[in-house]
Amino acid sequence: MSNLQAELLKLYANNLSDEQLLEIKGMLSNYFAQKATEAMDEVWEAQGLTEQDMTDWTNEHNRLKGSH
């Protein structure tokens, strides 16, 4: 069992309301989304990528999608 699972089991022992559980799920989702964003920002900077690169990739995807 991971340390996260153990902590979550402690929360369940408190018999939280549905509203509280939803709030906690939201907090966890936001936390992991922030971590993913930070990791992508690091990759983005390390690769020296620009906003134009993202635009080019989007346009390339749209071209490939339309050619099927």
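This text follows the structure it describes.
Criteria and thresholds
Residues numbered from 1 in each chain as written. Predicted model: local features only at pLDDT ≥ 70, side-chain atom pairs only at ≥ 80, totals over all residues. Heavy atoms only, no water. Salt bridge = Lys/Arg side-chain N within 4 Å of Asp/Glu carboxyl O. Helix = DSSP H or I, 4+ residues; strand = E, 2+ residues; numbered from the N terminus. Buried < 20%, exposed > 50% of the residue type's maximum accessible area, 1.4 Å probe, protein only.

Participant: Talk me through the pattern of salt bridges; I want residue IDs and the actual numbers.
Facilitator: Applying the stated criterion across every chain yields a total of 2 salt bridges. A salt bridge links Glu-7 to Lys-10, with the nearest nitrogen and oxygen atoms 3.0 Å apart. Taken together, the residues Glu-7 and Lys-10, both in helix H1 (residues 3-13) and 3 residues apart, mark about one turn of the helix. One salt bridge connects Glu-38 with Lys-35, and the closest N-O pair in it is separated by 3.7 Å. A residue pair is termed a helical-turn pair when its members lie 3 or 4 positions apart in one helix, as Glu-38 and Lys-35 do in helix H2 (residues 18-47) at 3 residues.

Participant: Break down unusual backbone geometry for me, citing the residues and quoting the values.
Facilitator: The backbone phi angle of Asn-15 is positive, close to 50°, even though this residue is not glycine. Tracing the backbone through its elements, the reader meets Asn-15 in the loop between H1 and H2. Look at Asn-15 and you get exposed, because its relative accessible area is 67%.

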